[in-house]
Amino acid sequence: MRDEKGFDLWADDYDRAVGVIEDEKTYPFAGYKDVLGYIFRVVTAKEKAKVLDLGFGTGTLTAKLYERGYDVFGQDFSKRMIELAKTKMPSAHLYHGDFSKGLVEPLNKTTYDFIVATYSLHHLPDERKITFIPEILSHLSEGGQILIGDVAFPSGKEMALCREQSGESWDEKEFYWVYDEMVKVFPTMEFKRFSHCAAVMTLRK
């Protein structure tokens, strides 16, 4: 798991770096734009929604929602990322905090139509994912959705293949999603694949 300082140092170059890897269609960001585009379309199908973004980074996704008048909330553990996001979303409700320890207090006081997390929850070990998802589910409005776009695989076999193909670029410090394991814990979880290493997982209330 990257530390806060690492993300602060990476923040100014984040959007460009992700774009280069995504355009090359290689791990870990192959399918990145398709993942964000899908989540954007799902959210914007509902007007005037309240959206919580966990690990919003520089605001690549939520800035687009903000521009359309959505009520944007967010939590990120990089102060520099938050500074950059605030230039795009000056009136959004953005908070500093490590979501591995849960939501910060101001975000615990409301409910959301959508809770989104793009390329952020793979920093949590699986055992923490399993406890964290019910925590955030409790903050969904009736009919709301959690949308997790991330490095994810339908099976452990597919993840092992990607690891082998990626060679030295594979990050052993991350905890990527394996759907056939997670669905055992969350039977209603949906899985929509966008590349060999990217998917959106959906949970509904």
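Residues numbered from 1 in each chain as written. Predicted model: local features only at pLDDT ≥ 70, side-chain atom pairs only at ≥ 80, totals over all residues. Heavy atoms only, no water.

Asker: I would appreciate a short explanation of the overall build of the protein in the present structure.
Answerer: When helices and strands are counted, the protein shows 8 helices and 8 strands. Looking at the protein as a whole, 52% of its 205 residues qualify as buried. Within the protein, contacts between residues separated by at least 24 positions form 68% of all contacts whose residues are at least 6 apart in sequence. (Helix = DSSP H or I, 4+ residues; strand = E, 2+ residues; numbered from the N terminus. Buried < 20%, exposed > 50% of the residue type's maximum accessible area, 1.4 Å probe, protein only. Contact = heavy atoms within 4.5 Å.)

Asker: Got a minute to help me understand the pattern of salt bridges in this structure?
Answerer: Pairing is possible between side chains of opposite charge, provided their charged atoms come close. Considering all chains together, one arrives at 7 salt bridges under this definition. Across the salt bridge formed by Glu135 and Arg128, the nearest N and O atoms sit 2.9 Å from each other. The class of Arg128 is buried, set by a relative accessible area of 16%. Notably, a salt bridge pairs Lys184 with Glu181, separated by 3.5 Å at the nearest N-O pair. (Salt bridge = Lys/Arg side-chain N within 4 Å of Asp/Glu carboxyl O.)

Asker: I tried to follow the packing of aromatic side chains on my own but got confused; where do I start?
Answerer: The geometry of two aromatic rings is summed up by the distance between their centres and the angle between their planes. A full pass over the atoms with the stated rule returns 11 aromatic pairs. Where Phe153 meets Trp170, the ring centres are 6.3 Å apart and the plane angle is 40°; that geometry is what we call tilted. Residue Phe153 is found in strand 5 (residues 140-153), and its partner Trp170 is found in the loop between helix 7 (156-166) and strand 6 (177-178); the two are separated by 17 residues along the sequence. There is no split in this pair, since Phe153 and Trp170 are both buried. Ring pairing ties together the aromatic residues Tyr27, Phe153, Trp170 and Tyr176, which thus form one cluster. For Lys129, the ring lying beneath its charged end belongs to Trp177, and the centroid distance is 5.1 Å. (Phe/Tyr/Trp six-rings, centres within 6.5 Å; stacked < 30°, edge-to-face > 60°. Lys NZ or Arg CZ within 6 Å of the ring centre and 35° of its normal.)

Asker: Looking at this structure, how should I read helix 6 (residues 126-137)?
Answerer: Residue pairs spaced three or four apart in an α-helix point in one direction, given the helix's 3.6 residues per turn. Helix length check: helix 6, at 12 residues, gives a terminal C-alpha distance of 17 Å against a target of 16 Å (1.5 Å per residue), a fit within 8%. Along helix 6, the positions that sit buried rather than exposed are Arg128, Lys129, Phe132, Ile133 and Ile136. The buried residues of helix 6 occupy an angular sector of 135° when the element is viewed end-on, so they sit on one face. Buried-residue contacts for helix 6 involve strand 1 (50-54), strand 4 (112-118), strand 5, strand 6, helix 8 (179-185) and strand 8 (198-204). (Expected span 1.5 Å × (residues − 1). Arc of directions from axis to C-beta.)

Asker: Mind showing me how you'd approach the pairing of strand 5 here?
Answerer: Looking along a regular strand, one sees the side chains alternate between the two faces of the sheet. Within strand 5, 12 of the 14 residues are buried, leaving the element largely enclosed by the surrounding structure. By the bridge criterion, 6 bridges tie strand 4 to strand 5 in an arrangement that is parallel. Bridged to Tyr112 within strand 5 is Leu140. Once you follow strand 4 into helix 6 and on to strand 5, the crossover reads as right-handed. In the sheet, strand 5 pairs with strand 8 via 7 bridges, with the strands oriented antiparallel. Counted as the bridge partner of Ile148 is Met201 from strand 8. (Pairing = 2+ DSSP bridges. Right-handed = clockwise from strand over helix to strand, strands pointing away.)

Asker: Help me understand the environment of Tyr38 in this model?
Answerer: Looking at where Tyr38 falls in the secondary structure, it is placed in helix 3 (residues 32-44). Separated by 162 residues in sequence, Tyr38 and Val200 place their C-alpha atoms 8.3 Å apart. Every residue in contact with Tyr38, bar those within four places of it in the chain, is listed here: Lys192, Phe194 and Val200.

Asker: Explain the environment of Asp34 to me, please; I cannot follow it from the model alone.
Answerer: Mapped onto the secondary structure, Asp34 falls in helix 3. The sequence separation of Asp34 and Ser195 amounts to 161 residues, and the corresponding C-alpha distance is 8.8 Å.

Asker: Looking at this structure, I do not really get the pairing of strand 2 (residues 71-76). What am I missing?
Answerer: Of all 6 residues making up strand 2, 5 are buried, and the element is well covered by its neighbours. Pairing of strand 1 with strand 2 involves 5 bridges; the strand directions are parallel. Looking at strand 2, one finds that Leu54 is bridged to Gln75. For the handedness criterion, the β-α-β arrangement of strand 2, helix 5 (residues 79-88) and strand 3 (residues 93-96) is classed as right-handed.

Asker: I'm lost on the side chain of Asp53 in this one. Help?
Answerer: Among the secondary structure elements, Asp53 is positioned in strand 1. The buried charged residue Asp53 lacks any salt bridge, with Lys88 as its nearest oppositely charged partner at 10 Å. Non-local contacts of Asp53, meaning those with residues more than four positions away in its chain, are made with Thr62, Phe73, Gly74, Gln75, Val116 and Ala117. (Lys, Arg positive; Asp, Glu negative; His and termini not counted.)

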